[in-house]
Amino acid sequence: MLKTNFLGVELASPLMNASGVHCMSIEELEELANSQAGAFITKTATQLEREGNSKPRYYDTKLGSINSMGLPNKGLDYYLNYVIERQQQGTQLQFLSVTEMSYEENINLLSKIQRSGYQGVTEFNLSCPNVPGKPQIAYDFELTKKLLSEVFTFFTKPLGVKLPPYFDIAHFDEMATILNKFPLTYVNSVNSIGNGLCINIDKEQVVIKPKGGFGGLGGEYIKPTALANVRAFRERLNPNIKIIGTGGVINGKDVFEHILCGADLVQVGTTLHKEGVDVFTRLNEELKVIMKEKGYTSLEQFRGRLKIIE
Ligand SMILES: CC(C)(C)CCc1c(C(=O)O)[nH]c(=O)[nH]c1=O
């Protein structure tokens, strides 16, 4: 009923974790592997292990979450060894998330993956910072085009890109025009909405320590933005670039809406952080109930079929 084909691999569910949540250690990754998620992805890895920002750097609110983790991770080799090990044990589809802190380092990192024995999917997180004073790479269109052009001169393995949310139709148009130039496996929309601010009114204080309390928003706050980005890219990207929908998934209805907008897979971040890996069982069941009520027996029957008002 929920089966999904991705890169020729049949998954039992379209659900997976969003990179960054419940995927830092092998122990967490194994929990995802043994859950009702259809697939899973690693915490975004940099070449070398990173401590990340001072705590508190993540905070759950009633309507979602705010974080400024600062890319803490165990380093590329930790995750690369893990996914290659599982690949040798027969796992067919895996996702490795990566980014680096500069243009050159991004090239070096992806070159290393290209030379490795890893055959799975690489998710290139384009929310990586740029030179100070300039916006993140994915908000610098010329730089994004330059970087992806160089990457695809040597990278021949499956590559997806993780994008921040866009808020202007002209930006959807410009970014889609760039992405359509490349043989991307998928586009993952959206990353957290950047630089939000949550306040503890009792203390009259911000809730996370880094960046004066500014951090990326997830959860209910971001679903309308996430759905719009999924829909906008589905409408603009050529059909062989798949879409992973991320953002604002609280229940089965939200999963249904992401798929209706065109998502092939749907990722869960904040709600996974709040609920643990049982969330996948709950979301799969809730999605099945909605599909039964509507008379759908497969995701293909409604994927991308969002109607406008004529
Ligand atoms: C924002 C970066 C630190 C450059 C990338 C890692 C990341 C983080 C993070 O590690 O702070 N948090 C997010 O919500 N999305 C991200 O992509």
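Small disclaimer: the values here were computed from a predicted structure and weren't measured.

A short note on the overall build of the protein chain
Right, so step 1: Per the secondary structure count, the protein chain includes nine helices and 15 strands.
Right, so step 2: The C-alpha atoms of the protein chain give a radius of gyration of 18 Å, which matches the 19 Å a tight globule of 310 residues would have.
Right, so step 3: Along the first, second and third principal axes, the C-alpha set of the protein chain runs to 55 × 50 × 45 Å.
Right, so step 4: A buried classification covers 55% of the 310 residues belonging to the protein chain.
Right, so step 5: Sequence separation of at least 24 residues holds for 71% of the intrachain contacts in the protein chain that already meet a minimum separation of 6.
Right, so step 6: With an accessible surface of roughly 13,800 Å², the protein chain has 52% of that area assigned to carbon and sulfur atoms.
Right, so step 7: Across the protein chain, 33 positive and 34 negative side-chain charges occur, with their mean positions spaced 2 Å apart.

Remarks on the environment of leucine 63
Right, so step 1: Note that leucine 63 resides in the loop between strand E4 (58-61) and strand E5 (64-67).
Right, so step 2: Linking leucine 63 and isoleucine 250, residues 187 residues apart in sequence, is a C-alpha distance of 9.8 Å.
Right, so step 3: In this view, leucine 63 contacts Gly218, Gly219, Glu220, Tyr221 and Lys274; residues no more than four positions away in its chain are not counted.

Focus: the confidence of the model for the protein chain
Right, so step 1: Across the protein chain, the average pLDDT comes to 98, with 100% of residues at 70 or higher.
Right, so step 2: Scored as a whole, the predicted complex attains pTM 0.98, and scored at its interfaces, ipTM 0.99.

As for the site of the ligand
Right, so step 1: In the vicinity of the ligand, the contacting residues are Lys43, Asn67, Ser68, Met69, Gly70, Leu71, Asn125, Ser127, Pro129, Asn191 and Ser192.
Right, so step 2: Between the ligand and the protein, one listed contact pairs an oxygen atom with a side-chain N or O atom of asparagine 67 at 2.8 Å.
Right, so step 3: The separation between an oxygen atom of the ligand and a polar main-chain atom of methionine 69 is 3.0 Å.
Right, so step 4: Taken by itself the ligand offers 390 Å² of open surface, and the protein chains cover 78% of this.

Re the pattern of salt bridges
Right, so step 1: If you walk through the whole model with that rule in mind, you get 15 salt bridges.
Right, so step 2: As a salt-bridge pair, glutamate 257 and lysine 253 come within 3.3 Å of each other at their nearest N and O atoms. Taken together, the residues span about one helical turn, with glutamate 257 and lysine 253 both in helix H7 (residues 252-260) at a distance of four residues.
Right, so step 3: As a salt-bridge pair, arginine 282 and glutamate 286 come within 3.1 Å of each other at their nearest N and O atoms. With arginine 282 and glutamate 286 both in helix H9 (residues 279-294) and four residues apart, this pair spans about one turn of that helix.
Right, so step 4: Under the relative-accessibility criterion, glutamate 286 is labelled partly exposed at 25%.
Right, so step 5: A single salt-bridge network, built from bridges that share partners, covers Asp173, Arg231, Glu235 and Arg236.

Digging into the pairing of strand E15 (residues 265-268)
Both faces of the sheet carry side chains from a regular strand, because those side chains alternate between them.
Right, so step 1: Of the two faces of E15, both are covered, the one formed by Leu265 and Gln267 as well as the one formed by Val266 and Val268.
Right, so step 2: Pairing analysis gives three bridges linking strand E3 (residues 15-17) to E15, with the strands arranged parallel. Across the sheet, asparagine 17 pairs through a bridge with valine 268, a residue of E15.
Right, so step 3: In this structure, strand E14 (residues 242-246) lies alongside E15, joined through three bridges in parallel fashion. In the strand pairing of E15, threonine 246 is matched with glutamine 267.

A closer look at the sheet that holds strand E6 (residues 95-98)
Right, so step 1: Spatially, seven strands are ordered E3-E15-E14-E9-E8-E7-E6 in an open sheet, and the strand pairing comes out parallel. Only two strands of the sheet have a single partner each, and these edge strands are E3 and E6. Neighbour-to-neighbour, the strand axes of the sheet open up by a mean angle of 25 degrees, direction not taken into account.
Right, so step 2: Here E6 runs beside strand E7 (residues 121-125); their pairing, made up of four bridges, is parallel. Bridging across to E7, valine 98 finds its partner in phenylalanine 124.

Quick notes on the rules
Residues numbered from 1 in each chain as written. Predicted model: local features only at pLDDT ≥ 70, side-chain atom pairs only at ≥ 80, totals over all residues. Heavy atoms only, no water. Helix = DSSP H or I, 4+ residues; strand = E, 2+ residues; numbered from the N terminus. Rg over C-alpha atoms; globule rule 2.2 N^0.38 Å. Buried < 20%, exposed > 50% of the residue type's maximum accessible area, 1.4 Å probe, protein only. Contact = heavy atoms within 4.5 Å. Areas by Shrake-Rupley, 256 points an atom, 1.4 Å probe, with all protein chains shown as cover. Lys, Arg positive; Asp, Glu negative; His and termini not counted. Charge placed at Lys NZ, Arg CZ, Asp CG, Glu CD. pLDDT = per-residue confidence, 0-100. Near = heavy atom within 4 Å. Polar contact = N/O pair within 3.5 Å; in protein donor to acceptor, adjacent residues only side chain to side chain. Salt bridge = Lys/Arg side-chain N within 4 Å of Asp/Glu carboxyl O. Pairing = 2+ DSSP bridges. Axes fitted to C-alpha atoms, helices over the stretch in contact; angles between N-to-C directions.

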